[in-house]
Number of protein chains: 4
Amino acid sequence: MPARERILRAAERLFAEFGFQATPTSRIAEVAGVPKGLVHYHFRRKPDLLTALVERLPDERVDLQRVVVRGDVAESLHRLVTELDGRLSASRVLSHLLWREADTHSVVREALRQRYETLIAQVRAVILAAGVPARSPADVDSASALVARAVSYRHSVARHTEEPEEMRRELSLIASALEAKAGAAEPTGR
Amino acid sequence: MPARERILRAAERLFAEFGFQATPTSRIAEVAGVPKGLVHYHFRRKPDLLTALVERLPDERVDLQRVVVRGDVAESLHRLVTELDGRLSASRVLSHLLWREADTHSVVREALRQRYETLIAQVRAVILAAGVPARSPADVDSASALVARAVSYRHSVARHTEEPEEMRRELSLIASALEAKAGAAEPTGR
Amino acid sequence: MPARERILRAAERLFAEFGFQATPTSRIAEVAGVPKGLVHYHFRRKPDLLTALVERLPDERVDLQRVVVRGDVAESLHRLVTELDGRLSASRVLSHLLWREADTHSVVREALRQRYETLIAQVRAVILAAGVPARSPADVDSASALVARAVSYRHSVARHTEEPEEMRRELSLIASALEAKAGAAEPTGR
Amino acid sequence: MPARERILRAAERLFAEFGFQATPTSRIAEVAGVPKGLVHYHFRRKPDLLTALVERLPDERVDLQRVVVRGDVAESLHRLVTELDGRLSASRVLSHLLWREADTHSVVREALRQRYETLIAQVRAVILAAGVPARSPADVDSASALVARAVSYRHSVARHTEEPEEMRRELSLIASALEAKAGAAEPTGR
DNA sequence: TATGAATGAGAATTCATTCAT
DNA sequence: GATGAATGAATTCTCATTCAT
């Protein structure tokens, strides 16, 4: 494996475990099995490692066609979330690590912000595409926020061991809310 | 104001702004207006500051009697959340700061974990006390998780500027889900 | 027990175990069970503790009348050494501790030098008083040096666990040397 | 001269003059003419300097063939001692310095203990090889101890300015004791 | 490309000592 | 006499970064 790659992997692991500041570049070199000078040869300054790491986040844009089940919001959301989980599972630590450094590194912060926006946009798109009839836009917003937050929480908060089943139930609850409201709002002709 | 207190306030402010690691104790002394040595006289090592800060988190146990509105889950939850927000607003930075350090400081981590448990327990208690008829326990769990997570997110993630109205709408959506399910589950008895 | 005394005892113990420099006055206060300020109240500066400790060395001047056995150098020396050992056994650590600090503290160095001189003078006096006939003054000097050094070594070097019997044998060897020389020098008709 | 070597020499000199604890690493850097950081680059922590210094002690194993004069114990011992003195004279300060730090640094303590054992073994070997007839083993032990202690004392105690002639006389006294005893024990066979 | 010695600006921490009470 | 907060100089050690080779 090329040295650059080894360095990045070591950095990822160490940043995740001890934090960015608390990880000396010398330690990264050590773990990567490369001489100390090489780290700065590839990444002039330490924060460059973070920048490079950001680019390793997997693409989180899902092909919505594949996850939407028309008429079934709960199932659609669940497929979306499962798909996202799959992609991120390989880089759970990376995701968490970046989350932690977002406060002090604007590159990271900006990247995560964009990802969150993409996320919430996708959730909303799935809800709409799944075709719940006549729910208010505000409710769709709320539901999207709840779902996106649940996903984000899972992907960013470390040591988070929620059972998958629990997520499914939460999604189903949200879906039923949307449907109930819709139902409640509709039939009577409002 | 006693020197110890001045030091803690300075630490809180600086940790919140720059992070624990990135804040030199010398800077804390400077901001607190005390000599460098005094910081270590009161807090032998730097992490002791974090420990002391943890103890400054406001008590988050709410008098549930005062927030529950029987028969109105949405309103009850909203009152609970508003109450919690009020308490934490004074220490929003503190809360966020601790959240960030939880990974590397077990004292902090443990404190936050306990707080989260208290939070979720209170949400559930409020839902039950508000008296939604016949919803499944699993749904109450899911709803509690969604609400607790929403609150926790607000209190821990920095720069989070969600409008209060949005929170109310989310709570209302969750409440309606509980009620809808209840209705759906009990077609006969209603 | 008066605080001053408690402080001195604590200092003695700690200096012996960790050395003068490596023992903080705060630690002395702690071990003595007195407030930190009191140490400096009684002993303005830290080296004053050493000075006070020097004065606690037991008097090593032995009543030579009581140890000399005329005609038996070996026995006389043994009695002297045994007597000295008895006095110092109570303060073995003190003795060793001061030895260690002699290099950096002239008060201590001077005290130990005087003690060594007293010691060697006493050894010589005992040899002479025990009455070996006609040994050369130079031999008495050498013997005195050997004996004094043996005693000094025992009293100053820590962790020195020589068996008492061994000391007796060494003394006896030295005595026999003196006698042999005397004998060798004599008979031929001086 | 390589920087590492310059640092070690400076450390040796300063430790000898002021003691280990009382010598700041910054001062070592200064005297060595290197930047402060380099001292810790080569010797991670300060005691590592002591460890490195221990390894600089000259080998004290003497070729016994060269010093033993059969039939003349006094001369043999004198040659041994002179040889040892020659080797150590270059590192007299080093030797003394280590002696002082032995109490607090086990690496040093252990090294010195081994050296003392080697020393006493060599003294005994020389006595035996010089061939004093029929002296008791206990006497050889005693003589060895006396000689070894004399040598050790010279090499470890600072500011020790004994005249060489005095050492010769002491050795001669010990030798004569061995011979006298031998003679006394073996009146017949001689 | 690679390397590892070199650099120097801090960082946390220690601690003797002072001093107001 | 006693106390413990306060002081600040000094010390060890860390580490990102540079750079000659």
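Residues numbered from 1 in each chain as written. Chains lettered and ligands numbered in written order. Predicted model: local features only at pLDDT ≥ 70, side-chain atom pairs only at ≥ 80, totals over all residues. Heavy atoms only, no water.

### Comments concerning the pattern of salt bridges
Overall, the coordinates contain 68 salt bridges over all chains when judged by the stated rule. The salt bridge involving arginine 168 of chain A is made with glutamate 75 of chain A; its shortest N-O contact spans 3.6 Å. Of this pair, arginine 168 of chain A sits in helix α10 (residues 164-185) while glutamate 75 of chain A sits in helix α6 (residues 73-89), and the two are 93 residues apart along the sequence. For glutamate 30 of chain B, the salt bridge is made with arginine 27 of chain B, and the minimal N-O distance between the two is 2.4 Å. Of this pair, glutamate 30 of chain B and arginine 27 of chain B both sit in helix α2 (residues 25-32), separated by three residues, roughly a single helical turn. By relative accessible area, arginine 27 of chain B is classed as partly exposed at 37%. One continuous salt-bridge network, built from bridges that share partners, spans Glu5, Arg9, Glu12 and Arg56 of chain A. (Salt bridge = Lys/Arg side-chain N within 4 Å of Asp/Glu carboxyl O. Helix = DSSP H or I, 4+ residues; strand = E, 2+ residues; numbered from the N terminus. Buried < 20%, exposed > 50% of the residue type's maximum accessible area, 1.4 Å probe, protein only.)

### Concerning the relation of the copies chain D and chain C
Mapping chain D onto chain C calls for a rotation angle of 179 degrees and an axial translation of 0.0 Å; the resulting RMSD is 0.2 Å. Seen this way, the second copy is the image of the first under a two-fold rotation axis. In terms of C-alpha distance to the rotation axis, chain D has alanine 177 of chain D as its closest residue, with the C-alpha 2.0 Å off the axis. The overlap is high: 100% of the interface residues of chain D also sit at the interface in chain C, so the same surface is used on both sides. (Least-squares fit on C-alpha atoms with pLDDT ≥ 70 in both. Contact = heavy atoms within 4.5 Å.)

### Some thoughts on the relation of the copies chain B and chain A
Here chain B sits on chain A after a turn of 179 degrees about the axis and a move of 0.0 Å along it, with an RMSD of 0.2 Å. Most of the interface of chain B is mirrored in chain A, where 100% of its interface residues again form contacts.

### Quick word on the protein's contact with DNA strand E
Near DNA strand E lie 30 residues; those nearest to it are Arg45 of chain B, Thr25 and Lys36 of chain C together with Lys36 and Tyr41 of chain D. Atoms of DNA strand E within 4 Å of the protein belong to the sugar or the phosphate in 69% of instances, the rest to bases. The contact in question runs from a base oxygen of DNA strand E to an N or O atom on the side chain of lysine 36 of chain B, over 2.7 Å. Between DNA strand E and the protein, one listed contact pairs a phosphate oxygen with a side-chain N or O atom of histidine 42 of chain D at 2.8 Å. The set of elements that each furnish at least two residues to the surface near DNA strand E consists of α3 (36-42) of chain A, α3 (36-42) of chain B, α2 (25-32) and α3 (36-42) of chain C together with α3 (36-42) of chain D. Class assignment for the residues of the surface near DNA strand E results in nine nonpolar, 11 polar and 10 charged. (Near = heavy atom within 4 Å. Polar contact = N/O pair within 3.5 Å; in protein donor to acceptor, adjacent residues only side chain to side chain. Nonpolar A, V, L, I, M, F, W, Y, C, P; charged D, E, K, R; others polar.)

### Regarding the interface of chain D and chain C
Contact residues are listed per partner, giving 36 residues for chain D and 36 residues for chain C. Counting the surface lost from both chain D and chain C, the interface buries some 3100 Å², and carbon and sulfur atoms represent 59% of this. The largest share of the area that chain D buries against chain C comes from Arg149, Tyr153 and Leu173 of chain D, three residues that together contribute 23% of it. In this assembly, chain D and chain C are joined by four salt bridges. Of the charged contacts in the structure, one is a salt bridge between glutamate 170 of chain C and arginine 149 of chain D, with a shortest N-O distance of 3.0 Å. Across the chain D-chain C interface, the total number found is seven residue pairs in polar contact (both at pLDDT 80 or more). The set of elements that each furnish at least two residues to the side of chain D that touches chain C consists of α7 (92-101), α8 (106-130), α9 (137-156) and α10 (164-185) of chain D. A class-by-class count of the residues in the side of chain D that touches chain C yields 17 nonpolar, seven polar and 12 charged. (Buried area = accessible area lost by both parts, 1.4 Å probe.)

### Quick look at the UniProt feature "domain: HTH tetR-type" (unreviewed entry) in chain A
Mapped onto this numbering, the UniProt entry annotates "domain: HTH tetR-type" (unreviewed entry) at residues 1-61 of chain A. Strand forms 0% of residues 1-61 of chain A and helix 66%; the C-alpha atoms that close the span are 28 Å apart. (UniProt positions renumbered as here; feature names shortened; annotations may be inferred.)

### Side note on the interface of chain B and chain A
It is common to give the size of an interface as the accessible area that goes away when the parts come together. With 36 residues of chain B in contact, the opposing surface of chain A contributes 37 residues. Buried surface at the junction of chain B and chain A, summed over both partners, amounts to about 3100 Å²; 58% is from carbon and sulfur atoms. For the interface between chain B and chain A, the tally reads four salt bridges. Where chain B packs against chain A, one counts seven residue pairs in polar contact (both at pLDDT 80 or more). When residues of the side of chain B that touches chain A are traced back to their parent elements, those giving at least two are α7 (92-101), α8 (106-130), α9 (137-156) and α10 (164-185) of chain B. When grouped by side-chain class, the residues that make up the side of chain B that touches chain A number 17 nonpolar, seven polar and 12 charged.

### A look at helix α4 (residues 46-54) of chain D
Those residues of α4 of chain D not exposed but buried are Lys46, Leu49, Leu50, Ala52, Leu53 and Val54 of chain D. As for α4 of chain D, its buried residues are in contact with α1 (3-18), α2 (25-32), α3, α7 and α8 of chain D.

### Brief notes about the confidence of the model for chain A
Residues of chain A with pLDDT of at least 70 account for 89%, and the chain-wide mean is 87. Per-residue pLDDT stays below 50 along residues 185-190 of chain A; that stretch engages in five contacts with residues further than four places along the chain or on separate chains. (pLDDT = per-residue confidence, 0-100.)

### A closer look at helix α1 (residues 3-18) of chain C
Each turn of an α-helix holds 3.6 residues, which means side chains three or four residues apart point in the same direction. Residues and elements named next belong to chain C. For α1, built from 16 residues, the straight-helix expectation of 22 Å at 1.5 Å per residue is met to within 8% by its first-to-last C-alpha distance of 22 Å. When we look at burial in α1, the residues that qualify are Glu5, Ile7, Leu8, Ala10, Ala11, Glu12, Leu14, Phe15 and Ala16. For α1, the elements touching its buried residues are α2, α3, α4 (46-54) and α7 (92-101). Positive phi shows up at glycine 19, right after α1, with a value of about 95 degrees. (Expected span 1.5 Å × (residues − 1).)

### Observations concerning the protein's contact with DNA strand F
Of all residues adjacent to DNA strand F, which total 29 residues, the nearest are Thr25 and Lys36 of chain A, Tyr41 of chain B, Pro35 of chain C together with Arg45 of chain D. What you see for DNA strand F is that sugar and phosphate hold 71% of its atoms within 4 Å of the protein. Taking lysine 36 of chain A, its side chain carries an N or O atom lying 2.5 Å from a base oxygen of DNA strand F. Backbone polar atom of lysine 46 of chain A to a phosphate oxygen of DNA strand F: 2.9 Å apart, as the coordinates give it. A class-by-class count of the residues in the surface near DNA strand F yields nine nonpolar, 10 polar and 10 charged.

### Quick word on the side chain of glutamate 12 of chain D
All names here are of chain D. The residue glutamate 12 is located in helix α1 in this model. For glutamate 12, a relative accessible area of 14% translates into the label buried. Beyond its immediate sequence surroundings of up to four residues, glutamate 12 is in contact with Leu53, Arg56, Val93, Leu94 and Leu97.

### Some words on the domain arrangement of chain A
Residues and elements named next belong to chain A. Under the domain assignment, chain A is made up of domain 1 (3-54) and domain 2 (64-184). The distance between the C-alpha centroids of domain 1 and domain 2 comes to 31 Å. Run the count over domain 1 and domain 2 and you get zero salt bridges. The interface formed by domain 1 and domain 2 includes two residue pairs in polar contact (both at pLDDT 80 or more). (Domains from an automatic or database assignment.)

### Considerations on the packing of α1 of chain C against α4 of chain C
All names here are of chain C. For the pair α1 and α4, the least separation of the axes is 10 Å and the interaxial angle reads 95 degrees. In this view, α1 runs roughly perpendicular relative to α4, as classed from their interaxial angle. Between α1 and α4, the contacting residues are Arg4, Ile7, Leu8, Ala11, Glu12 and Phe15 on the first element and Lys46, Leu49, Leu50, Ala52 and Leu53 on the second. Grouping the constituent residues of the contact of α1 with α4 by class yields eight nonpolar, no polar and three charged. (Axes fitted to C-alpha atoms, helices over the stretch in contact; angles between N-to-C directions. Parallel < 35°, antiparallel > 145°, perpendicular 65-115°, else oblique.)

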